[in-house]
Amino acid sequence: MKTLSLFILIVCFAGFAWAAEKSLDPSAPDGLRKGGTLTETLPAEPIADEPRASGREVRNWPEQPPVIPHSIRGYQVDKRYNQCLTCHSRTAAPEAGAPMVSVTHFMDRNGQTRSAVTPGRYFCTQCHVPQTDAEPLVGNGFKSAEEVIVGEGEDSK
Amino acid sequence: MKRLRHYWSLLRRPSVHYSLGFLTLGGFLAGIVFWGGFNTAMEATNTEQFCIGCHEMKVNPYDELKTTIHYTNRSGVRATCSDCHVPHDWTDKIARKMEASKEVWGWIFGTIDTQEKYEEKRRVLAEREWQRLKANDSLECRNCHEFEFMDFTQQGPRAARMHANALAPGQDEEGATCIDCHKGIAHELPDMSGVHQR
């Protein structure tokens, strides 16, 4: 009896040791912080820099909302005030040297052009974003309109 | 009236019990204590801790300040409430402190003790500050941001152009000052309809 219980105890311990060796901590999905396991908390990447003035970028297709070539830290865009329009509004743009918001922003849902930016196009950052120096998270096979057209031309040859 | 006359004659008579040395030295020491105490108490009302001791200051303007560059930035040089809202000059400071009695009134009667009331008065409060800064040529900005020492080559091209053309003394016929463009840098802006923006 005594030897049997001792045997069972040893088996149990061996079992525990085996289970402990086999990890119960599977690897985490590759999200923003790559690598690591589910229970691990990896340090965050440094926050990407927002350049103060990066210069205007070429649009990749005609309808692309142009990206913002300057920092917009602390810009207030809400019911009370739209700070972007301080420079980009129709009246302020020439003096500020900023491009005026496109005329499509003045059109209401019936295509009627209004005198001010319509509520539907009021919140700039819904479409326009500043560019940071961050590396793309995943690979991207995007081709601009020109590249696609050139490629098609080659295919048909 | 009779008592007043009595005190007046008492003041005019030479001292009987106290020596001249005691009176002058005592007066001098009492003066130091009084002046030091007065200034210490006034400085205490200039601290951020004092300002946000009131609920309405803590949850409204202070909370809005927290996301701005005047609260937190890379080098840790920051502005507290009084740096922008109280003149540094002594006489102007005293004048502002006397004005602040109206703020005590507002605190007692809770003029802005809810978010809704604050929102309602936001434009009024903002306009008062714009007016003050316009009138003193943005003195509280210039206590730290001195035009003479701005390096335009380190500024963005647009900022450099604006500062060199509008802000430079004698360049602008209207006499532009910091607050003309830099509104809402430390707190959220009110409804700006009708406000002339440069």
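Small disclaimer: the values here were computed from a predicted structure and weren't measured. (Residues numbered from 1 in each chain as written. Chains lettered and ligands numbered in written order. Predicted model: local features only at pLDDT ≥ 70, side-chain atom pairs only at ≥ 80, totals over all residues.)

Structural notes on the overall build of chain A
Line of reasoning, step 1. Secondary structure assignment for chain A yields 4 helices and 0 strands.
Line of reasoning, step 2. In sequence order, chain A lays out its α and β elements as α-α-α-α.
Line of reasoning, step 3. Residues counted as buried form 6% of the 157 residues belonging to chain A.
Line of reasoning, step 4. Taking all contacts inside chain A whose residues are at least 6 apart in sequence as the whole, residues at least 24 apart take part in 36%. (Helix = DSSP H or I, 4+ residues; strand = E, 2+ residues; numbered from the N terminus. Buried ≥ 20, exposed ≤ 12 C-beta atoms within 10 Å, placed from the backbone. Contact = placed C-beta atoms within 7 Å.)

What about the overall build of chain B?
Line of reasoning, step 1. Across its full length, chain B holds 12 helices and 0 strands.
Line of reasoning, step 2. Going residue by residue from the N terminus, the α and β elements of chain B occur as α-α-α-α-α-α-α-α-α-α-α-α.
Line of reasoning, step 3. Along the first, second and third principal axes, the C-alpha atoms of chain B reach 75 × 40 × 35 Å.
Line of reasoning, step 4. Sequence-distant contacts in chain B: of pairs separated by 6 or more residues, those separated by 24 or more amount to 55%.

What about the interface of chain A and chain B?
Line of reasoning, step 1. In this assembly, 9 residues from chain A lie in contact with 13 residues from chain B.
Line of reasoning, step 2. Each residue belonging to the side of chain A that touches chain B can be placed in one class, and the counts come to 3 nonpolar, 4 polar and 2 charged. (Nonpolar A, V, L, I, M, F, W, Y, C, P; charged D, E, K, R; others polar.)

Regarding the confidence of the model for chain B
Residue and element names in this part refer to chain B.
Line of reasoning, step 1. Of all residues in chain B, 98% attain a pLDDT of 70 or more, and the chain-wide mean is 90.
Line of reasoning, step 2. In the model of chain B, helix H11 (residues 157-167) stands out as the element of lowest mean pLDDT, 85, in contrast to helix H2 (residues 20-44), which has the highest, 94.
Line of reasoning, step 3. Reported confidence for the predicted complex is 0.73 by ipTM and 0.76 by pTM. (pLDDT = per-residue confidence, 0-100.)

Quick word on unusual backbone geometry
Residues and elements named next belong to chain B.
Line of reasoning, step 1. Its identity as a non-glycine residue notwithstanding, Asp137 has a phi of 55°, on the positive side.
Line of reasoning, step 2. With respect to the helices, strands and loops of the structure, Asp137 is situated in the loop between helix H9 (115-135) and helix H10 (139-142).
Line of reasoning, step 3. When the 14 C-beta atoms within 10 Å are taken as the criterion, Asp137 is described as partly exposed.
Line of reasoning, step 4. Residues other than glycine seldom take positive phi values, yet Ser138 does so here, at roughly 55°.
Line of reasoning, step 5. Overall, the presence of 21 C-beta atoms within 10 Å leaves Ser138 in the buried class.

Some points on the environment of Glu50 of chain A
Residues and elements named next belong to chain A.
Line of reasoning, step 1. With respect to the helices, strands and loops of the structure, Glu50 is situated in the loop between helix H1 (2-21) and helix H2 (85-88).
Line of reasoning, step 2. Of the residues examined, Glu50 has 16 C-beta atoms within 10 Å and is grouped as partly exposed.
Line of reasoning, step 3. Through-space distance from the C-alpha of Glu50 to that of Thr132 is 4.7 Å; in sequence the pair is 82 residues apart.

Looking at H2 of chain B
Line of reasoning, step 1. Between the first and last C-alpha of H2 of chain B there are 35 Å, a value that for 25 residues agrees with the 36 Å anticipated at 1.5 Å per step.
Line of reasoning, step 2. Sparse coverage of H2 of chain B is indicated by the burial of 0 of its 25 residues. (Expected span 1.5 Å × (residues − 1).)

Considerations on the confidence of the model for chain A
Line of reasoning, step 1. Overall, the predicted model of chain A reaches an average pLDDT of 83, with 85% of residues at or above 70.
Line of reasoning, step 2. Here H1 of chain A stands out as the least confident element of chain A, with mean pLDDT 67; H2 of chain A is the most confident, with 91.

A few points about the environment of Asn82 of chain A
Residue and element names in this part refer to chain A.
Line of reasoning, step 1. For Asn82, the location among the structural elements is in the loop between H1 and H2.
Line of reasoning, step 2. Classification of Asn82 as partly exposed rests on a count of 19 C-beta atoms within 10 Å.
Line of reasoning, step 3. Residues Asn82 and Phe123, spaced 41 residues apart in sequence, show a C-alpha to C-alpha distance of 8.1 Å.

Looking at the environment of Cys54 of chain B
Line of reasoning, step 1. Mapped onto the fold, Cys54 of chain B is located in the loop between helix H3 (48-51) and helix H4 (55-59).
Line of reasoning, step 2. Along the backbone, Cys54 of chain B and Asp113 of chain B are 59 residues apart, and their C-alpha atoms lie at a distance of 9.2 Å.

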